[in-house]
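Coordinate analysis (summary)
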Amino acid sequence: MATPRTHSRLPHFLATLYGLAIVYASLQPFSPWAAPPPAAPYFLLAPWPPKWVRYDVVTNFLAYVPFGFFVALVPRRMRPPARLAAAIAAAAFLSFTMEWLQMYLPTRDASVADLLANTGGATAGAAVAVAFARSDAAKAAIAAARQRWFLPGTVGDLGLALLAIWVAVQVNPGIPLFATMYDLAPRPGVSLPEPDVAATLVEGAHSAFQLVGVGLFLALLLRERRYVAGAALLLIGAAALVKGMAAALLLKPAAWENWLTPGVSLGVAAGSLLLSMAIWLPRPAQVTLAAIALLSSLLATLFAPDLVYARAPIALFNRSYGHLLNFNGLTHTVLLLWPAVASVFLLALAGRPGWGEPT
């Protein structure tokens, strides 16, 4: 019997997806492009010390920590100093490119302080990755758990990377649990109409479709059917925990009371009931139902276009810095794209004979 491949492509996929997310967050709204004023100094040659805001520096530092971590884990046979150097070089190059392009976006501000903070964050993440890579026990434990629970090979790695991205963007509490639309529930000092029954039902259907689709996506990545129920409960709990912690930390106290709306609560309850039955369907039916549910969650947004095209609800948050606008825009875009990308992933693999058949 052939020995299963133990080297995972998961760091490659996560580094690529996270890098694309950095590019999007750094360059949105992608217009208007304009040459910098003739008198404006090149950002690396700007007067020293550069202008900086503590919140911005901390945000830039933390934003690049995962990127440095993932990149440092990509090489298979590389000594720790080389791993660290490769991650720092990749992050510095990416950050420099983003800062250089921001010079041509009047709405953005290129700064050497951002470059240093980004590179410092990637260095910290890479250092953690190097420590992990040097521990044979840690690597063996993670590899064994990954092989025991999830589908092997590149297919399983890509699926796990997509699932990890979905969980990560749940950190935006301005978007309700298992939803892709901004939460525009009435807030103190904001005059918005009370949601009617139809709006509540649309929001509930939207969340229910998302939960069923994401839950079945997870079920299709698992090796054994007996793990599905427990894994689905962990997924729902992890999403709720991430969303709740983010709401408690980022939202204003008055907004925290409204982050979980009645429509979302109804949708999560209904979706959980449907998912508990769907996980026992044959695998081809699960693939079809997962794609239908995910795409239906996008179609449900057609009944609430005001929420889909709404501006980021920055007034909900404790702070009003520009990074929150980029953060909102990034998570909103990822959540709108994720159902389509996940559906394509599942449908493309559904025709492969015996693909990941649970035991």
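Residues numbered from 1 in each chain as written. Predicted model: local features only at pLDDT ≥ 70, side-chain atom pairs only at ≥ 80, totals over all residues. Heavy atoms only, no water.

**Brief notes about the overall build of the chain**
Per the secondary structure count, the chain includes 13 helices and zero strands. In the chain, the succession of α and β elements from N to C terminus is α-α-α-α-α-α-α-α-α-α-α-α-α. Looking at the chain alone, contacts between residues at least 24 apart form 82% of all its contacts between residues at least 6 apart. For the chain, the computed accessible surface area is about 18000 Å², with 71% contributed by carbon and sulfur atoms. (Helix = DSSP H or I, 4+ residues; strand = E, 2+ residues; numbered from the N terminus. Contact = heavy atoms within 4.5 Å. Areas by Shrake-Rupley, 256 points an atom, 1.4 Å probe, with all protein chains shown as cover.)

**Concerning the nonpolar core**
Core analysis: the biggest nonpolar cluster contains 47 residues, and Trp166, Phe178, Phe217, Trp338 and Phe345 have the highest contact counts within it. Among the secondary structure elements, those contributing two or more residues to this core are helix 1 (10–27), helix 6 (153–169), helix 7 (197–221), helix 8 (228–250), helix 10 (262–278), helix 11 (283–300) and helix 13 (322–350). When residues of this core are assigned to their parent elements, the largest contribution, nine residues, is made by helix 7. For Phe178, the residues in contact, after removing those within four places along its chain, are Trp166, Gln170, His206, Ser207, Gln210, Leu211, Ile236, Ala239 and Val268. If you look at the next biggest cluster of nonpolar residues, it comprises 20 residues, including Tyr64, Leu73, Met98 and Ala133. (Core = buried A, V, L, I, M, F, W, Y, C linked by side-chain atoms within 4.5 Å. Buried < 20%, exposed > 50% of the residue type's maximum accessible area, 1.4 Å probe, protein only.)

**Things to note about the packing of helix 7 against helix 11**
Put simply, helix 7 and helix 11 touch, their axes get as near as 8 Å, and they point 145 degrees apart. In this structure, the crossing between helix 7 and helix 11 has a hand that is left-handed. Residue-level inspection shows Val202, His206, Phe209, Gln210, Val212, Gly213, Val214, Leu216, Ala219 and Leu220 of helix 7 in contact with helix 11, the latter providing Arg283, Gln286, Val287, Leu289, Ala290, Ala293, Leu294, Ser296, Ser297 and Ala300. Classifying every residue of the contact of helix 7 with helix 11 by side-chain character gives 13 nonpolar, six polar and one charged. (Axes fitted to C-alpha atoms, helices over the stretch in contact; angles between N-to-C directions. Left-handed = near helix turned anticlockwise from the far one by under 90°. Nonpolar A, V, L, I, M, F, W, Y, C, P; charged D, E, K, R; others polar.)

**As for the pattern of salt bridges**
Note that side chains of opposite charge can pair when their charged atoms are close. As enumerated under the stated definition, the model contains three salt bridges in all. Between Lys139 and Asp136 there is a salt bridge; the shortest N-O distance is 3.8 Å. Of the two residues, Lys139 and Asp136 are both situated in helix 5 (residues 136–149); the distance of three residues between them amounts to about one turn of the helix. When its relative accessible area of 58% is taken as the criterion, Asp136 is described as exposed. The residue Glu224 makes a salt bridge to Arg226 at a minimum N-O spacing of 2.4 Å. Given a relative accessible area of 61%, Arg226 falls into the exposed group. (Salt bridge = Lys/Arg side-chain N within 4 Å of Asp/Glu carboxyl O.)

**Comments concerning unusual backbone geometry**
Looking along the chain, the bond that leaves Gln28 and enters Pro29 is cis, with omega of 10 degrees. Topologically, Pro29 is positioned in the loop between helix 1 and helix 2 (54–73). For the bond from Ser31 to Pro32, the omega torsion is -5 degrees, close enough to zero to count as cis. Note on placement: Pro32 falls in the loop between helix 1 and helix 2.

**Things to note about the environment of Ala229**
Along the polypeptide, Ala229 turns up in helix 8. By relative accessible area, which is 35% here, Ala229 ends up partly exposed. When the C-alpha atoms of Ala229 and Ile279 are compared, they prove to be 7.5 Å apart, with 50 residues separating the residues in sequence.

**Things to note about the packing of helix 2 against helix 3 (residues 80–102)**
Interhelical geometry of helix 2 versus helix 3 gives an angle of 135 degrees and a closest axis separation of 8 Å. Here helix 2 lies oblique to helix 3, going by the angle between them. Helix 2 and helix 3 meet at a crossing whose hand is right-handed. Residues Tyr64, Phe67, Gly68, Val71, Ala72 and Leu73 of helix 2 touch helix 3, and the partners they reach there are Arg83, Ala86, Ala87, Ala90, Ala91, Leu94, Ser95 and Met98. Looking at the contact of helix 2 with helix 3 residue by residue, the classes come out as 11 nonpolar, two polar and one charged. (Parallel < 35°, antiparallel > 145°, perpendicular 65-115°, else oblique.)

**Observations regarding the side chain of Ser26**
You can see Ser26 is positioned in helix 1. Residue Ser26 is classed as buried on the basis of its relative accessible area, which comes to 11%. With near-sequence residues (within four places) excluded, Ser26 lies in contact with Met98, Gln102 and Arg108.

**Let's talk about the packing of aromatic side chains**
Considering all chains together, one arrives at 10 aromatic pairs under this definition. Ring geometry for Tyr18 against Phe70: centres 6.2 Å apart, planes inclined by 70 degrees, an arrangement best described as edge-to-face. Residue Tyr18 is located in helix 1, and its partner Phe70 is located in helix 2; the two are separated by 52 residues in the primary sequence. Overall, the relative accessible area of 18% leaves Phe70 in the buried class. (Phe/Tyr/Trp six-rings, centres within 6.5 Å; stacked < 30°, edge-to-face > 60°.)

These values are about where atoms sit, not about what they do.
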